[in-house]
Amino acid sequence: MTTLRLILGDQLSPSLSSLSDCDKAADKLLICEVWDEATYVKHHKKKIAFVFSAMRHFADSLKAQGFALSYTKLDDGENAGSFKGEVARMIAAHAITKLVVTSPGEYRLLADMQSWQDELGIEVEIRPDDRFLCSPEDFASWADGRKKLRMEYFYRDMRRRYRVLLEGDEPVGGKWNYDAENRKPPKQGLDVPAPYCVAPDAITSEVMELVESRFSNHFGDIEPFHFGVTRQHALDALNQFIALRLPQFGDYQDAMIEGEPWMYHAHIGFYLNCGLLLPLECIEAAEQAYRDNHAPLNAVEGFIRQILGWREYIRGIYWLKMPDYAEENFFNADRDLPDFYWTGETKMNCLRQCVSETKENAYAHHIQRLMVLGNFALISGIAPAQVNDWFLSVYADAYEWVELPNVSGMVLFADGGYLASKPYAAGGSYINKMSNYCENCSYKAAQKNGPDACPFNYLYWDFLARNRNQLKSNHRMGMMYRTYDKMDEAKKQAIEDDSQLFLEAL
Ligand SMILES: Cc1cc2nc3c(=O)[nH]c(=O)nc-3n(C[C@H](O)[C@H](O)[C@H](O)COP(=O)(O)OP(=O)(O)OC[C@H]3O[C@@H](n4cnc5c(N)ncnc54)[C@H](O)[C@@H]3O)c2cc1C
Ligand code: SF4
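Okay, so let's go over this structure. Because the structure is a prediction, the values reported are computed rather than measured.

In total, this model carries 32 salt bridges according to the counting rule given. The salt bridge involving K98 is made with E125; its shortest N-O contact spans 2.9 Å. Of this pair, K98 sits in strand β4 (residues 96–102) while E125 sits in strand β5 (residues 123–127), and the two are 27 residues apart along the sequence. Measuring nitrogen to oxygen at the nearest pair gives 2.8 Å for the salt bridge that ties R127 to E125. Note on R127: relative accessible area 11%, which makes it buried. Put simply, R5, D21, D27, K98, E123, E125 and R127 are held in one network by salt bridges that share partners.

What follows is about empty space enclosed by the protein. Per the counting criterion, the structure on display carries five cavities of 30 Å³ or more. Looking at the largest cavity, its volume works out to about 760 Å³. If you go around the largest cavity, you meet 31 residues; those closest to its centre are G269, H366, R369, D397 and N406. Only α11 (269–274), α13 (297–321), α16 (366–379) and α18 (400–411) provide two or more residues apiece to the lining of the largest cavity. Across the lining of the largest cavity, the residue classes break down as 18 nonpolar, nine polar and four charged. Mapping the lining of the largest cavity onto the domain boundaries places at least three of its residues in each of domain 2 (136–193 + 245–321) and domain 3 (340–505). Taken as a whole, the second largest cavity holds about 370 Å³ of empty space. Lining of the second largest cavity is provided by 24 residues; of these, G9, E37, H43, V51 and Y399 occupy positions nearest its centre. Those elements giving two or more residues to the lining of the second largest cavity turn out to be α1 (35–39), α2 (45–64) and α4 (107–113). Counting residues per element, the lining of the second largest cavity draws most heavily on α2, which supplies five residues. Looking at which domains feed residues into the lining of the second largest cavity, each of domain 1 (2–127) and domain 3 (340–505) supplies at least three.

Calculation notes
Residues numbered from 1 in each chain as written. Chains lettered and ligands numbered in written order. Predicted model: local features only at pLDDT ≥ 70, side-chain atom pairs only at ≥ 80, totals over all residues. Heavy atoms only, no water. Salt bridge = Lys/Arg side-chain N within 4 Å of Asp/Glu carboxyl O. Helix = DSSP H or I, 4+ residues; strand = E, 2+ residues; numbered from the N terminus. Buried < 20%, exposed > 50% of the residue type's maximum accessible area, 1.4 Å probe, protein only. 1 Å grid on protein atoms, 1.4 Å probe; cavity = no way out; pocket = protein on both sides within 12 Å on 5 of 7 lines; lining within 4 Å. Points joined across faces, edges and corners; volume = space filled by probe spheres on them. Nonpolar A, V, L, I, M, F, W, Y, C, P; charged D, E, K, R; others polar. Domains from an automatic or database assignment.

Here you go:
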């Protein structure tokens, strides 16, 4: 009677539910690098190196605590290439009778695991992932009976439930949300602190070589590699953010500056999503910084809202709506993803910067993802499946539970408005206001039509005109349609012609 406990690459937390009652003397643990998971989309090289290195370090820390852990490296001769195959090998080698695993973050894998009991002939116990702050069941009961879900109401409930930034039962400062104060454009001379960096150790260096040789045709630069790969690194990265960047996180949350990919963001998504950090400790650290007068309320509330609100809300929607959510395509968008999402070769400087930073860092901050890379895909009508594949591949923090609702729901409005109340579509003036990208662009942000005009300008109106049937009843779009309707016919024709010319050339 031996129990096997399988730990996945995004489950690198000592508090994992599958480990809670582990008998070190009797149970076996398994962590494995498998080809299927590394290649079901062609993940960024840096993402694979990060996850494999973090897995190897986590495995070493468990072994040091006396757990009987088997670790399969990608290149091990017997590696079966899939989780099921690796579990089957353990069953054969160690007379395993029961498998315990924490529920995976992706529907695809959960569906697979649910068949293992029959297929492998042992008891399989799939435990809830209690590292999140709202379970899928709790989210489903919150959503029950609501026609449209809105993050803001969910977030307020979560603030009350976890008693975060409250005075009695009221929000600290009198308001739940300080987003209106968090939209400052970048200003000259900002001194953005350097991001947290760790030099690769022997384990990371070995993994980097492995990735270069086995995944050479994947997108992305492996060097320079400076992500942390242990729990202590992740805590240090969080502390560095709280000390150096949180005070200005709010003010410049939406700002973009050429050559400053990291801005005042936290850069902790990749640590949170693989389990090296837990959400509540990040929230508590930020709240403490406010209570200590180290960071202002707009910054702290804004940061906490991302984790306690958006992150949990997004995950709730994923589990509520899968598997159908992956098929949503409200606008019937069917254009292919342009090559420049991989090469960065485009005259549009904003896209060139965001793609090349993504290639180098496996990171782009939220507004780059939403208002540049996502906005362009939305207004040019790129097929959601292709946009999702790209976002899932290229970011070190990308896992389907968080990537899919952000892309299909928030960016592409492919769910018809279940997650967001209106599409986040915008013309060049938004990017011009919130960044300095337009200063070095071949196009002119202020020009609306013609060969030199910023493509975002005409594509924005063309998107509204093309999708009028789907959007006309959305009251938040009414003002934009009234503006469009006031344009003379020649202007409308120029929008259509410029858009057609541009899109055909993509
Ligand atoms: C098109 C698109 C795709 C995205 N894909 C992913 C993804 O694959 N993985 C991912 O973790 N986030 C994704 N996000 C959300 C967000 O952009 C990233 O979480 C954030 O950029 C990570 O960087 P950071 O740690 O510096 O975040 P910060 O800006 O410093 O925010 C702090 C934390 O808040 C959480 N958070 C903030 N916004 C969101 C959000 N919208 N959804 C979920 N969590 C959020 C993250 O855990 C993040 O680490 C996506 C957003 C968009 C618009
Ligand atoms: S002008 Fe348009 S395409 Fe060029 S950087 Fe500005 S928003 Fe992007």
